[in-house]
Structure formats: structure tokens, C-alpha cells
Amino acid sequence: MLAAGLLAGPVQAWRHARAAEQTLLTGSPAQKQSALRDLARLGSGRADAVLREALTGSDTEVRRQAACAVGTIRRVDMAEDVRAAWMREPDDLSRSVILFQWALVTGPEAELLLRSMLASQDPWTVLGAAQGLLRRGYVEAAEPLLAMAGGLEEGLRFKAQEELQTLAVPMGIMVGQRVEISVLQPGQWSAGQVAAFGGWWHRNVTPRLLRDYLAWRNHKPDDWRKADQLLHEWKGRSGGFLRGSGQD
């Protein structure tokens, strides 16, 4: 009986990995995304092999979501796999996303490289590096995102506004400073709203506030999920958009 119990774990993990692999072949995009996260959580030999195949496969969306799964689960042991995927990725958006996810799972030794990437001639590389540095507590990395948020390139504008909103809204709640763009869709901010948001960011977001928020989000995930759910419900019920601090 003991031997059977010892075997049950590996066998069950193999079966879960096999089921997730099948989902990657036949499932919907949402099902594939869920399967990739399941694989990242499993951490078994078979699951990791399937995850690595997804990172190197022919489906651009699956490559991107595989990297996101590694980053979301914080699989630091797969940092080199994600780095290799980023370096060979031909799609602009996917390259940026994979770089960002690599920044989430790699060590502090990567920060010098990420900082150097802010001077890249490739705006998608700048985007991913800036996101990665922000999630490491570097407030100054918001500057290129603020510029992109008001830029002409639609894809960059959307991703920059999305990241800034993701960070700013909960930080605003933490310090009692409402954010005008809190209920706007990313990509739809007017030039005036981008300028107003930049002023809000520079007035309110300090290195300590960013670090405190990241510590809360990263180290108290249950508390954050509850707060995030309440915020989502509040945004769904409120009409229009909130006025920024200092504009009441």
C-alpha cells in the first residue's frame, strides 16, 4: 500500500500534464491559457517538458501565454528557458511580453541589462524592460511608458496605458488619491488625460509607495485577490470616470 501511495503522486502528475498537453492541441484560447498555468504549477518533468515545447512552438499566442504562465507562477527555475524564448521571438508584442515575464523570474543580476534596454531603438524592447523594472520597484522606469501612453503607435499605447493603470489604481487607493483614468479602457485615454495622469504619477508615486504596493501584491496574494475583486466590482458599478486628485 505504501508503494502504491508513493507512485500515485507521479502518476497523477503525469496524467494532469498529459491532459493539459491535449488541451493545448484542441482547446479554446482561454482553455489553453489555463492549461499552461496548470503545467507551470505542476512542476513535474512531463509538465515542464510540455511547457518548454510551448515556449518554442509555432503558435505565437501559445508562446506568449507559456511565458506568462511561468511569470505568473514565478517559476524562477525556468528563467533561462524564458530568456531563450525572448531572444528568438520574431513577433514584436510577444517579444515584449516574454521579456517582461523573464524580468519577473530572473534575479537581481538582470537589472543592469534591463536598464540598458531602456535605451534600445526597439520600442517593444523598451516596453518590456520598463515593465520589468517597474515590477522590481524602479519608479523611474515609468517615464518611457508615460511617453508611449500618449504616442501614435496603437499597440504600444494600449500596453503602456494598461500597465500604468494596473499599477496606479491600487496605489491610488492605498494613499487615498483617486486616479482619473481608473475606469477608462486602456488605449482610449485622451491626450489631456494622459498629461493629467503623468502629473498625478509624479505627484503621488514614490519609490516607497511602489515597493509597498509590490510587497503587498507579491507576498499577500490572498489579500490582494480579495481587494482586486472588490475594486473590479466597484469599477463596474461606477459611471463615467473619477476626477484626479487636486481637481475637485
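Keep in mind it's a predicted model, so treat the numbers as computed, not measured. (Residues numbered from 1 in each chain as written. Predicted model: local features only at pLDDT ≥ 70, side-chain atom pairs only at ≥ 80, totals over all residues. Heavy atoms only, no water.)

Undergrad: Got a sec to walk through the packing of aromatic side chains? Specific residues and values, please.
TA: In this description, an aromatic ring pair is defined by two values, namely the gap between the centres and the angle between the planes. In this structure the tally under the stated criterion is 4 aromatic pairs. On the basis of an interplanar angle of 20 degrees and a centroid distance of 6.0 Å, the ring pair of phenylalanine 197 and tryptophan 200 is categorised as stacked. Placement of the pair is phenylalanine 197 and tryptophan 200 together in helix 11 (residues 191-204), with a separation of 3 residues, close to one helical turn. On the basis of relative accessible area, tryptophan 200 is assigned to the buried category, the value being 3%. (Phe/Tyr/Trp six-rings, centres within 6.5 Å; stacked < 30°, edge-to-face > 60°. Helix = DSSP H or I, 4+ residues; strand = E, 2+ residues; numbered from the N terminus. Buried < 20%, exposed > 50% of the residue type's maximum accessible area, 1.4 Å probe, protein only.)

Undergrad: Tell me what's going on with the packing of helix 10 (residues 154-175) against helix 12 (residues 207-219), and back it up with residues and numbers.
TA: At a minimum axis separation of 10 Å, helix 10 and helix 12 run at an interaxial angle of 100 degrees. Considering their axes alone, helix 10 and helix 12 lie roughly perpendicular with respect to each other. When helix 10 is examined against helix 12, the residues Thr166, Leu167, Pro170, Met171, Met174 and Val175 are found in contact with a partner set consisting of Leu209, Leu210, Asp212, Tyr213 and Trp216. When the residues that make up the contact of helix 10 with helix 12 are grouped by side-chain class, the tally is 9 nonpolar, 1 polar and 1 charged. (Axes fitted to C-alpha atoms, helices over the stretch in contact; angles between N-to-C directions. Parallel < 35°, antiparallel > 145°, perpendicular 65-115°, else oblique. Contact = heavy atoms within 4.5 Å. Nonpolar A, V, L, I, M, F, W, Y, C, P; charged D, E, K, R; others polar.)

Undergrad: Explain the confidence of the model for the protein to me, using residue names and the numbers behind them.
TA: With 85% of its residues at a pLDDT of 70 or more, the protein has an overall mean of 86. Looking at the elements of the protein, mean pLDDT is at its lowest for helix 13 (residues 221-237), recorded as 53, and at its highest for helix 8 (residues 123-134), recorded as 98. This stretch, residues 1-8, has a pLDDT under 50; its non-local contacts, to residues over four places away or in other chains, come to 0 contacts. The low-confidence segment residues 238-248 (pLDDT under 50) makes 25 contacts with residues lying over four places distant or belonging to another chain. (pLDDT = per-residue confidence, 0-100.)

Undergrad: Outline helix 5 (residues 79-88), supporting the account with residue identities and numerical values.
TA: Those residues of helix 5 not exposed but buried are Ala79, Val82, Ala85 and Trp86. Looking down the long axis of helix 5, one finds its buried residues gathered within 125 degrees of arc, a one-sided arrangement. Away from its buried face by more than 90 degrees, helix 5 exposes Glu80 and Met87. Structurally, helix 5 contributes buried residues whose contacts are with helix 3 (45-56), helix 4 (60-73), helix 6 (92-105) and helix 7 (111-117). (Arc of directions from axis to C-beta.)

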